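Chain by chain, the residues:
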Amino acid sequence: MAAPLELSCWGGGWGLPSVHSESLVVMAYAKFSGAPLKVIVIDGTWRGSRGDVPILTTEDNIVSQPAKILNFLRKQKYNADYELSAKQGADTLAYIALLEEKLLPAVLHTFWVETDNYFTVTKPWFASRIPFPLSLILPGRMSKGALNRILLTRGQPPLYHLREVEAQIYKDAKECLNLLSNRLGTSQFFFGDTPSTLDAYVFGFLAPLYKVQFPKIQLQKHLKQLSNLCRFCDDILNSYFRLSLGGLSPAGQETVDANLQKLTQLVNKESNLIEKMDDNLRQSPQLPPRKLPTLKLTPAEEESNSFQRLSP
Amino acid sequence: MSLVAEAFVSQIAATEPWPENATLYQQLKGEQILLSDNAASLAVQAFLQMCNLPVKVVCRANAEYMSPSGKVPFIHVGNQVVSELGPIVQFVKAKGHSLSDGLDEVQKAEMKAYMELVNNMLLTAELYLQWCDEATVGEVLEDVDQCCQALSQRLGTQPYFFNKQPTELDALVFGHLYTILTTQLTNDELSEKVKNYSNLLAFCRRIEQHYFEDRGKGRLS
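Residues numbered from 1 in each chain as written. Chains lettered and ligands numbered in written order. Predicted model: local features only at pLDDT ≥ 70, side-chain atom pairs only at ≥ 80, totals over all residues. Heavy atoms only, no water.

To continue, consider the interface of chain B and chain A. Tallying the contact residues gives 18 residues for chain B and 20 residues for chain A. For the pair chain B and chain A, the summed buried area comes to about 1800 Å², and 60% of that belongs to carbon and sulfur atoms. Connecting chain B to chain A are three salt bridges. Of the charged contacts in the structure, one is a salt bridge between Glu110(B) and Lys87(A), with a shortest N-O distance of 3.6 Å. At the boundary of chain B and chain A, one finds five residue pairs in polar contact (both at pLDDT 80 or more). Looking at side-chain class alone, the side of chain B that touches chain A contains seven nonpolar, three polar and eight charged residues. (Contact = heavy atoms within 4.5 Å. Buried area = accessible area lost by both parts, 1.4 Å probe. Salt bridge = Lys/Arg side-chain N within 4 Å of Asp/Glu carboxyl O. Polar contact = N/O pair within 3.5 Å; in protein donor to acceptor, adjacent residues only side chain to side chain. Nonpolar A, V, L, I, M, F, W, Y, C, P; charged D, E, K, R; others polar.)

Here it is, written out as structure tokens:
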């Protein structure tokens, strides 16, 4: 194929290949579309541009921002959406808008603005991966950037107090999660059996919220009650990222939720079967992209796993 | 409106029927009203018409200052004042009128998603065109085109976005598209983008005819 594609992005933790939503979106899309990405994780020696990550580099191009990177990959024939109808393509755009307007502000707030979370988790995590002396400046800058993004989305004048906005953005985010859960239902992915751009975006936005251990977790609690969304994230992690999971942070391993553990074990059993089928597919001639067989939950599992719908 | 106020308004709203003298306030037409505000006002008007709730439109130069949230349009119903499409939809719902009750959960999710898309792309474009006139308009136009393409595909050959009955999504899309098509701007590129999609044009015409002309309101100026 073409020259190697390199993706610079923030690293992983808590069982995720990356804790950064935008990086995750691109990584997931690459897996879904079969794009051979070489992932370069930002660590203490990184000298890239500031806060622009994820960035895709090829021989002659540098592309930033998830939407642009995905467009670029599609032009290189790595297209996860080629089976979608025109209407589904339109729906994808609409749902991404929903995610960005209704969910993202609260996710940004949870990571970067909520004081307990920011100072005990987010800031130390990012600072430890940025070379000194940038480690002293960049996290703060990212935090301010997040705050601005939140206030901008809300369309409020800059004079408005954050507290008033906070309640609204969490309410919107919870409603958005409910909507996503309703839309997904019992399907494997948002448009049937194969993952597409929308799945990459939902996964990218949801997974960090789902997995990262925070002191203040109201939104995470809400998400964990929507079991089909949790199953969605776990399925993708297990099917597409299992082999490249670096270290599970010790904190993550200790505090794994009991239900989640049960589900993971069941999924792992299934994935042995998938691995065998996957090997067969690898031997066969190259066809973009590969269809993974649907993960079917066993009947007993299905009963105990009936998700409770929250009324919005 | 804060969450507490919202809940309070809903409760009071439920108790009284829709009065004859409900009024919608917006800025003066022509010079004063902004593109984006005009779209918002049209959307609310279309929505109320679709719900069969009569409202009188009043233009005031100080409409923004009259509004409780500073945003226009706002409606004055009984002794309550509610601004912006979202809260107005809620308020109307509390009074027992809704356009989206017939939709299932998945359709409701879709409707909300498309409303965000419209807010995201069309509103941004309108705001951009109002305030800046420069060369980077190219990217904005591309977004508008993408949005229109999505809306056009979603609408297909149906009369409304969720087939036979209009919803708040139809009202919102109408408000924006109609405004873009009919407002005189320094450049026509924005309305040209919309005109590329014949089903969207037909959609606007249909709503204008059915909800504004036929009701004896006369053509929208």
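Having seen it, we continue.
The final tally for this structure, using the stated rule, is 16 aromatic pairs over all chains. Plain terms: the ring middles of Phe189(A) and Phe232(A) are 6.4 Å apart, the flat faces sit at 75° to each other, and that makes the pair edge-to-face. Placement of Phe189(A) in the loop between helix H6 (162-184) and helix H7 (197-211) and of Phe232(A) in helix H9 (residues 227-240) is noted, with a sequence separation of 43 residues between them. An identical accessibility class is assigned to Phe189(A) and Phe232(A); each is buried. Ring geometry for Phe174(B) and Tyr178(B): centres 5.2 Å apart, planes at 35°, overall tilted. Taken together, the residues span about one helical turn, with Phe174(B) and Tyr178(B) both in helix H7 (residues 168-182) at a distance of four residues. For the pair Phe174(B) and Tyr178(B), one class covers both residues: buried. Aromatic rings pair up to connect Trp10(A), Trp112(A), Tyr118(A), Phe119(A), Trp125(A) and Phe126(A) into one cluster. Between the NZ or CZ atom of Arg129(A) and the centre of the ring of Trp125(A), over which it lies, the distance is 3.8 Å. Geometry around Phe162(B) places Arg154(B) over its ring, the cationic atom sitting 4.9 Å from the centre. (Phe/Tyr/Trp six-rings, centres within 6.5 Å; stacked < 30°, edge-to-face > 60°. Helix = DSSP H or I, 4+ residues; strand = E, 2+ residues; numbered from the N terminus. Buried < 20%, exposed > 50% of the residue type's maximum accessible area, 1.4 Å probe, protein only. Lys NZ or Arg CZ within 6 Å of the ring centre and 35° of its normal.)

Time to look at the domain arrangement of chain B. Residue and element names in this part refer to chain B. The assigned domain composition of chain B is domain 1 (3-94) and domain 2 (105-211). Between domain 1 and domain 2, roughly 1500 Å² of surface is buried when both sides are summed, and carbon and sulfur atoms account for 78% of that area. Within the residue set of the side of domain 1 that touches domain 2, elements represented by two or more residues are helix H2 (35-50) and helix H4 (85-94). The leading source of residues in the side of domain 1 that touches domain 2 is H2, at ten residues. Tallied by class, residues from the side of domain 1 that touches domain 2 come to ten nonpolar, three polar and no charged. (Domains from an automatic or database assignment.)

The two faces of the sheet receive side chains in turn, since in a regular strand these alternate between them. Residue and element names in this part refer to chain A. Pairing of strand S1 (residues 5-9) with strand S2 (residues 37-41) involves five bridges; the strand directions are parallel. From the neighbouring strand, Ser-8 faces S2, where its bridge partner is Ile-40. Regarding topology, helix H1 (residues 21-33) serves as the crossover connection from S1 to the parallel S2, and that connection is right-handed. (Pairing = 2+ DSSP bridges. Right-handed = clockwise from strand over helix to strand, strands pointing away.)

All names here are of chain A. Positionally, Asn-228 belongs in helix H9. Its relative accessible area of 2% is what places Asn-228 among the buried residues. In this structure the side chain of Asn-228 is engaged in a polar contact, spanning 2.9 Å, whose partner is the backbone oxygen of Gly-185.

Together, Phe132(A), Leu136(A) and Ile137(A) give the surface a local cluster of nonpolar side chains, amounting to about 370 Å² of exposed area. With respect to the helices and strands, Leu136(A) occurs in helix H5 (residues 134-153). (Patch = residues over 30% accessible without salt bridge, like charges linked within 9 Å, V, L, I, M, F, W, Y side chains within 5 Å. Areas by Shrake-Rupley, 256 points an atom, 1.4 Å probe, with all protein chains shown as cover.)

Residues and elements named next belong to chain A. Read across the sheet, four strands follow the order S2-S1-S3-S4 without closing on themselves; strand pairing throughout is mixed. Strand pairing shows two members of the sheet lacking a second neighbour, S2 and strand S4 (62-64), which therefore form its edges. Within the sheet, the average angular offset between the axes of one strand and its neighbour, ignoring direction, is 25°. Where strand S3 (residues 55-57) lies against S4, three bridges are found, and the strand directions are antiparallel. Bridge pairing links Leu-56 to Val-63 in S4. Sheet contacts for helix H2 (residues 66-75): S1, S3 and S4; angle to S4, the most-contacted strand, approximately 130°. (Axes fitted to C-alpha atoms, helices over the stretch in contact; angles between N-to-C directions.)

On to the environment of Val41(A). Tracing the backbone through its elements, the reader meets Val41(A) in strand S2. Contacts of Val41(A), omitting those with residues within four sequence positions, involve Cys9(A) and Gly11(A).

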